[in-house]
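Structure assessment
Here are the chains, one letter per residue:
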Amino acid sequence: MKAVEINFDGLVGPTHNYAGLSLGNVASMAHRGTVANPRAAALQGLAKMKFMADLGLPQAVLPPHERPSIATLRAFGFSGNDAAILRAAARHAPELLRACASASSMWVANAATVSPAVDSGDGRVHFTPANLNSKLHRSIEPPQTGRALRAIFCEPEAFVIHDPVPAGQGNGDEGAANHTRFAPAHGRRGLQLFVFGHDHRVTARSGSLPRRFPSRQAFAASAAVARGHLLPDCQVVFARQHPEAIDAGVFHNDVVSVGNENVFLVHELAFAGQRSLLRELRRRFAALHRGAELIVLEVRAAEVPLADAVRSYLFNSQLVTLPAGGMALIAPIECRTNPHVRCFLENLIASGRTPIRQVHYLDLRQSMRNGGGPACLRLRVVLREAELALIPAGVRMNDRTHRRLVRWVERHYRESLQPADLADPQLLEESRRALDELTQLLGLGSIYPFQLV
Ligand code: SUG
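In this report, we go over the structure that sits alongside the text. (Residues numbered from 1 in each chain as written. Predicted model: local features only at pLDDT ≥ 70, side-chain atom pairs only at ≥ 80, totals over all residues. Heavy atoms only, no water.)

**As for the state of the cysteines**
- A complete count under the given rule lists zero disulfides for this structure.
- Lacking any disulfide linkage, cysteine 335 is separated from the closest cysteine sulfur, that of cysteine 376, by 12 Å.
- When its relative accessible area of 0% is taken as the criterion, cysteine 335 is described as buried. (Disulfide = S-S within 2.5 Å. Buried < 20%, exposed > 50% of the residue type's maximum accessible area, 1.4 Å probe, protein only.)

**Structural notes on the pairing of strand E10 (residues 263-267)**
- The element E10 is largely enclosed, with a buried count of five among its five residues.
- Judged by which residues are buried, E10 turns out to be covered on both faces: Val263, Leu265 and His267 on one side and Phe264 and Val266 on the other are all buried.
- Examined bridge by bridge, strand E9 (residues 257-260) and E10 share four bridges and lie antiparallel to one another. The residue bridging serine 257 from the neighbouring strand is valine 266, located in E10.
- Here E9 folds back onto E10, and the loop between the two strands holds two residues, one of which, glutamate 261, carries a positive phi near 50 degrees.
- In this structure, E10 lies alongside strand E11 (residues 295-299), joined through five bridges in parallel fashion. Across the sheet, residue leucine 265 finds its bridge partner in E11, namely leucine 297.
- Handedness of the crossover is the feature at issue here: the chain leaves E10, passes through helix H10 (residues 274-288), returns alongside E11, and the resulting connection is right-handed. (Helix = DSSP H or I, 4+ residues; strand = E, 2+ residues; numbered from the N terminus. Pairing = 2+ DSSP bridges. Right-handed = clockwise from strand over helix to strand, strands pointing away.)

**Describing unusual backbone geometry**
- Residues arginine 67 and proline 68 are joined by a peptide bond in cis, for which omega reads -10 degrees.
- Within the fold, proline 68 resides in the loop between strand E2 (59-62) and helix H3 (70-75).
- The phi angle at leucine 230 is positive, at roughly 55 degrees, despite the residue not being glycine.
- Tracing the backbone through its elements, the reader meets leucine 230 in the loop between helix H8 (219-228) and strand E8 (236-240).
- The exposure class assigned to leucine 230 is partly exposed, which follows from its relative accessible area of 41%.
- One non-glycine residue, glutamate 261, lies in the positive phi region at around 50 degrees.
- Among the structural elements, glutamate 261 can be located in the loop between E9 and E10.
- Residue class for glutamate 261 comes out buried when judged on its relative accessible area of 12%.

**A closer look at the nonpolar core**
- Formed by 83 residues in total, the largest nonpolar core has its most connected members in Phe8, Phe153, Leu193 and Leu281.
- Residues within four places of phenylalanine 153 in sequence aside, it is in contact with Phe8, Phe127, Phe159, Ile161, Val381 and Ile391.
- The next biggest cluster of nonpolar side chains, apart from the first, holds 20 residues, and it includes Val258, Val263, Leu297 and Leu329. (Core = buried A, V, L, I, M, F, W, Y, C linked by side-chain atoms within 4.5 Å. Contact = heavy atoms within 4.5 Å.)

**Focus: a nonpolar patch on the surface**
- Together, Leu23, Val26 and Met29 line one region of the surface with nonpolar side chains, adding up to about 230 Å² of accessible area.
- Along the polypeptide, valine 26 turns up in helix H1 (residues 26-30).
- Accessibility expressed as a relative area gives 32% for valine 26, which makes it partly exposed. (Patch = residues over 30% accessible without salt bridge, like charges linked within 9 Å, V, L, I, M, F, W, Y side chains within 5 Å. Areas by Shrake-Rupley, 256 points an atom, 1.4 Å probe, with all protein chains shown as cover. Salt bridge = Lys/Arg side-chain N within 4 Å of Asp/Glu carboxyl O.)

**Remarks on the packing of aromatic side chains**
- The full count for this structure, using the stated rule, is 11 aromatic pairs.
- Plain terms: the ring middles of phenylalanine 219 and phenylalanine 238 are 5.1 Å apart, the flat faces sit at 75 degrees to each other, and that makes the pair edge-to-face. Of this pair, phenylalanine 219 sits in helix H8 while phenylalanine 238 sits in strand E8, and the two are 19 residues apart along the sequence.
- Here phenylalanine 238 falls in the partly exposed class, since its relative accessible area comes to 31%.
- Among the aromatic side chains, those forming a connected cluster through ring pairs are Phe8, Phe127, Phe153 and Phe159. (Phe/Tyr/Trp six-rings, centres within 6.5 Å; stacked < 30°, edge-to-face > 60°.)

This is the structure:
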């Protein structure tokens, strides 16, 4: 079956700011309260999408969510008109207002888990929006994610959009950031690796849980997604994050590993029981594909210490197959300035012994300061040609879409924003105006609550 991988990138929303909302995400914690640049952030994201499209890779865009979320503030008991609600929340519950104003929907690797038709039992593409229940600011994303996915993947013969896994204590699902699919080519049957941080069955075992930072992804949620997507057992592997990695700031597995087709680039401290996991992955991959080899590039801590992996976001690079063959890493610019990582990457390319032929460094500093690298900003969807043709043309990235979205950002986004600005009713108005125009630009119809009333 011929298929392509199309990347959907989350467009940075107009309220992009640094609120320090994510315990366990060291960049978010370090930048709390600093001044953000929403316009620069959105333009950096658009430049990445354009860069990918210019490499000849299918690229599309997912719209940001409406923020501040007045509906959430109302659910917390605030009442009156929008301006009164914002004023009261800023005064009595500033932390709540910050959670309701985050532009965190940009990190769409956490929006959903996706399984292509070739893997699922019913021959359809399956999406499960993540419940994101371990952080309040992210737990309010799933309903809008569902609406956006249903507007884009609207043909029920081809696509299934599930409800999120029910939220509950210890039931967190963080989407594709903890999921990797291996196959000799995108269109072939895939081996799907579901990564979790905690498992209610083993909490008592010593050393199995991080001590410093919380784990976000539950085994029960990963298992539910795999079941819902009708994946055959022989195509599913579960693995637990190394607790040391979580404690070092690896709040999602895509901060220590990245896979593409038959290549897995992984830090040696990514998983508990890593040696046997890698053996199992190789064995299962070979069994699925008549002895084919899964190429595992395991990076030693002596080469790249875990702290440097987290600081540089090396493993949060996108690993993509180029149209002319070979693979490229799309890395954050921080990888070029980190001496260990730069040296590792230069050697990797110079060796010529792996399918990775090129490294491109992109400036995504605005998102990086909140712990969001290249891979966080994109949701991978493997589609056959007929499925690709069903996607609304307006969300596909090309020169024209890029030009129009750049102009749109320049018209609507503020140059700078700090947490105190989040209570400004003007900001809410500006955001709604921007999003209303965006749905027209992307040809998506009405998808926001403010458009639906
Ligand atoms: O959930 N940061 C996001 C970053 C998500 C990165 N995604 C992946 N690794 N796939 C998070 O921690 C910070 C927001 C703030 O502090 O203002 C934030 O939500």
